[in-house]
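Residues per chain, in single letters:
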Amino acid sequence: MNKLNELRKVMAENHIDIYYIPSTDFHSSEYVVSFFKAREYISNFTGSAGELVISQNHAVLYTDGRYFIQAEKELKDTGIELYKMGLPEVPTLTNYLKSIIKKGDVIGFDGRVVNTIRGNEIQQLATDSESTIKYDIDLVNLLWDDRPDLPQGKAFLLDIKYSGETTEAKLSRLRNKMQEEDVSYHVLTTLDDIAWLYNIRGNDIPHFPVILAYSIINIDSAYLFTDRTKLSDEIIFILNKDNIKIKDYNEIYEFIKTISGKVLLDPAKLNYRLASDLPISAIKVEKASPIVLFKACKNEVELSNLRWAHAKDGVVLTKFMYWLKESVKNPSLTITELDAQQKLYELRSQQDGFIEESFSTISAYGPNAALMHYSTNPFNPAPLENKGLYLVDSGGQYFEGTTDITRTIALGELDDILKTHFTAVLQGMINLSMAKFLDGVRGINLDILARSPIWNLDIDYRSGTGHGVGYLLNVHEAPNGFRWKIVPERNDSCVLEVGMVTSNEPGIYIENSHGIRIENEIVVEKDVKNEYGQFLKFETLTYVPIDLDAIKIEMLSEKEKKWLNNYHQLTREKISKYLTDDEAKWMIKYTKAI
């Protein structure tokens, strides 16, 4: 019996007609530990984003454009149908549920892994169809015999030389905002918000240096709900100095029943079970936490550290590009996608302050790069040849911050189509890098700068152009980003503010042929101020050569050539002194003026 049929049997035994499984954890995290991979366990789909709906006669998985190709492959023979989010012929998940719920049905889900917005939607659908919901049951747990345990990682303090602001000062800013909103409590469940507020990091989740925790803050005290064994005596002492009380992780479900008055909470992040446990006397003020914006606008200490983290990563990627382009020329060497991925990790791990990768490296050769979030098969990695394109998307978590960088590298001769596509992607990246704009602009206003050269080829990429990046936190951070249309659940279309770090990563992905992406990180900074207002621009943080072998130079304007030449000159100045003589000579060739 396959897992889908096993789940349907358990559904029937528990009198549940429709069961909903999202991809997240108790905290609406993007990256989750193995314990929370219930959707993957049932569906075999390994992407980070997807929602599964199962009834007795139909099962569907919703995912976004980043994973269409991957999902089609992984769902084969599972009995689960792929619904491609955003396509005009595909109903929204809410409309799909509406179409299958019958009078008297019971819709089930684990309310701890469903956010309040989605939980309320399902409750309303049930009410409208004279059905009911059951949100306190984890059916997957009933059949997952070898389910991993929750992580037992340890927390560590982030020194003021890295954070740039004390916990006391952060709490003061937060409480000022709470007073402006006239709320008595703030329920905080998002792991990176909690880590930022208390200047602690951890290793509970790979690539996402946080600990599993909740927090409730009022005007004069705060409560941190976590496994006490994660905290050292030093951390407990420092937290106690700021009147932060430590309580057990699951104690929040009883504690929240005792609070009253106005309560600030984010329904997109707070899980449905906690929202349902709030007493009737609590008045919900439903807004994003002020911390989201605090955290996104990096302070001067963080920005100074980030420039150094990117310098380290620039050294790593330059050494890697040299090694790769020289190695594939050697016919006696066999290098695979996995070899390249491991070499990059080896180089990064040699850097002082390196903690871990900021996400699983995408090491993709040829047609594999057409999958935006490709994962190398460790048992059968593709060999790299002295031809075509290789894409590597990787990043590091350093004490000095989080990095995310993509380079597409020519491993040999390229045909005209590959060079045309590469150059169009480069033009888009350059155009966005050079943007000057008035205060008040959102990423949605600027996305066309990156996408236009690609649209001019009658091609598009099914993703945003860029995402916010945290500081030793989530590599995908709200609320800033670039995309051509607003996707409300993404929360990445805010007004761009000074200090916001965003990736700049247009691409072209041709199924069964190739994938191209060039990614730098950029940060908003002030430019001139005059009678028209405050102008803003971007500072580039990432400095790594862009492969001249892949560029169709005649496509570039003089302005674009000037930007690229200046960029490569700055890259040499920042990076070459940390290279060997052979690497430095190679770099001179690959950063020459064109």
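Summary of the structure given here. Computed from a prediction, not measured in an experiment: that's the story for all the values here. (Residues numbered from 1 in each chain as written. Predicted model: local features only at pLDDT ≥ 70, side-chain atom pairs only at ≥ 80, totals over all residues. Heavy atoms only, no water.)

Quick look at the overall build of the protein chain now. From N to C terminus, the protein chain includes 19 helices and 28 strands. For the protein chain, with 594 residues in total, the buried portion stands at 59%. When contacts within the protein chain are restricted to residue pairs at least 6 apart in sequence, long-range pairs at least 24 apart make up 69% of them. Total accessible area on the protein chain stands at roughly 24600 Å², and carbon and sulfur atoms take up 49% of it. Positive and negative side-chain charges in the protein chain, numbering 67 and 85 respectively, have mean positions lying 2 Å apart. (Helix = DSSP H or I, 4+ residues; strand = E, 2+ residues; numbered from the N terminus. Buried < 20%, exposed > 50% of the residue type's maximum accessible area, 1.4 Å probe, protein only. Contact = heavy atoms within 4.5 Å. Areas by Shrake-Rupley, 256 points an atom, 1.4 Å probe, with all protein chains shown as cover. Lys, Arg positive; Asp, Glu negative; His and termini not counted. Charge placed at Lys NZ, Arg CZ, Asp CG, Glu CD.)

Counting 80 residues, the largest nonpolar core has Val-53, Leu-97, Leu-197, Tyr-198, Ile-217 and Leu-224 as the members making the most contacts within it. Not counting chain neighbours up to four residues away, the residues in contact with Leu-197 comprise Thr-167, Lys-170, Leu-171, Leu-174, Leu-188, Ile-217 and Ile-291. Grouped together as the second largest cluster of nonpolar side chains are 42 residues, Phe-437, Ile-459, Tyr-461 and Tyr-567 included. (Core = buried A, V, L, I, M, F, W, Y, C linked by side-chain atoms within 4.5 Å.)

Applying the stated criterion across every chain yields a total of 28 aromatic pairs. Between Tyr-214 and Tyr-249, the aromatic rings sit 5.1 Å apart at their centres with planes inclined by 25 degrees, giving stacked as the arrangement. Of this pair, Tyr-214 sits in strand E10 (residues 214-218) while Tyr-249 sits in the loop between strand E12 (244-247) and helix H11 (252-255), and the two are 35 residues apart along the sequence. For the ring pair Phe-354 and Tyr-398, a centre distance of 5.6 Å and an interplane angle of 65 degrees mean the geometry is edge-to-face. Taken together, the residues span a long stretch of sequence, with Phe-354 in strand E15 (residues 354-357) and Tyr-398 in strand E18 (residues 396-398) at a distance of 44 residues. Given the relative accessible area of 15%, Phe-354 is considered buried. A connected cluster of aromatic rings, assembled from ring pairs, spans Phe-26, Phe-35 and Phe-36. Of note, Lys-3 hangs over the ring of Tyr-41, and the distance from its end group to the ring centre comes to 4.1 Å. Directly above the aromatic system of Phe-294 lies the positively charged group of Arg-173, at a separation of 4.3 Å from the ring centroid. (Phe/Tyr/Trp six-rings, centres within 6.5 Å; stacked < 30°, edge-to-face > 60°. Lys NZ or Arg CZ within 6 Å of the ring centre and 35° of its normal.)

In this section: the environment of Met-11. Note on placement: Met-11 falls in helix H1 (residues 3-13). Look at Met-11 and you get buried, because its relative accessible area is 0%. Between the C-alpha atoms of Met-11 and Ser-55, which are 44 residues apart in sequence, the distance is 8.7 Å. If near-sequence neighbours (up to four positions away) are discounted, Met-11 is found in contact with Ile-16, Asp-17, Ile-18, Tyr-19, Ile-54, Ser-55, Gln-56 and Leu-139.

Right, let's talk about the sheet that holds strand E11 (residues 222-225) for a bit. If you walk across this open sheet you meet the 6 strands as E12-E11-E10-E8-E13-E14, and the pairing is mixed. Either end of the sheet is taken by a strand with one partner, and the two such strands are E12 and strand E14 (282-286). The sheet shows a mean angle of 20 degrees between the axes of neighbouring strands, direction not considered. Where strand E8 (residues 185-188) and E10 come together, 4 bridges link them in antiparallel fashion. (Pairing = 2+ DSSP bridges. Axes fitted to C-alpha atoms, helices over the stretch in contact; angles between N-to-C directions.)

For the pair helix H4 (residues 93-100) and helix H5 (residues 116-128), the least separation of the axes is 10 Å and the interaxial angle reads 25 degrees. The angle between H4 and H5 falls in the class roughly parallel. With respect to the hand of their crossing, H4 and H5 are arranged in right-handed fashion. Contact residues: H4 offers Leu-93, Thr-94, Leu-97 and Lys-98, while H5 offers Arg-118, Glu-121, Ile-122 and Leu-125. A class-by-class count of the residues in the contact of H4 with H5 yields 4 nonpolar, 1 polar and 3 charged. (Parallel < 35°, antiparallel > 145°, perpendicular 65-115°, else oblique. Left-handed = near helix turned anticlockwise from the far one by under 90°. Nonpolar A, V, L, I, M, F, W, Y, C, P; charged D, E, K, R; others polar.)

Right, let's get into the sheet that holds strand E2 (residues 51-55). Strand order across the open sheet formed by 6 strands is E4-E3-E2-E1-E5-E6, with mixed pairing between neighbours. At either margin of the open sheet sits one strand with a lone partner, and together these are strand E4 (81-84) and strand E6 (132-134). Averaged over all pairs of adjacent strands, the angle between strand axes in this sheet comes to 20 degrees, irrespective of strand direction. Relative to strand E5 (residues 106-108), strand E1 (residues 18-21) runs parallel, the two being bridged by 2 bridges. Each residue of the ladder has a partner; that of Tyr-19, found in E5, is Gly-108. Along the sheet, H5 makes contact with E1, E2, E5 and E6, crossing E6 at roughly 145 degrees.

Note on terminology: a disulfide is the covalent bond linking the sulfur atoms of two cysteines. Applying the stated criterion across every chain, the model contains 0 disulfides. No disulfide involves Cys-297; its sulfur sits 7.7 Å from that of Cys-494, the nearest cysteine. Owing to a relative accessible area of 22%, Cys-297 belongs among the partly exposed residues under this scheme. Residue classification places Cys-494 among the buried positions, given a relative accessible area of 15%. (Disulfide = S-S within 2.5 Å.)

An α-helix turns once every 3.6 residues. As a result, residues three or four positions apart point the same way. Helix length check: helix H15 (residues 337-349), at 13 residues, gives a terminal C-alpha distance of 18 Å against a target of 18 Å (1.5 Å per residue), a fit within 8%. Restricting attention to buried positions, one finds in H15 the residues Glu-337, Leu-338, Ala-340, Lys-343, Leu-344, Leu-347 and Arg-348. Buried positions along H15 lie against helix H14 (300-327), E15, strand E16 (362-365), strand E17 (389-394), E18 and strand E20 (405-410). (Expected span 1.5 Å × (residues − 1).)

On to the pattern of salt bridges, then. Within this structure, the stated rule accounts for 42 salt bridges. The closest approach of N and O atoms between Glu-251 and Lys-247, which form a salt bridge, is 3.7 Å. One network of salt bridges, with partners in common, ties together Asp-192, Asp-193, Lys-295, Lys-298 and Glu-477. (Salt bridge = Lys/Arg side-chain N within 4 Å of Asp/Glu carboxyl O.)

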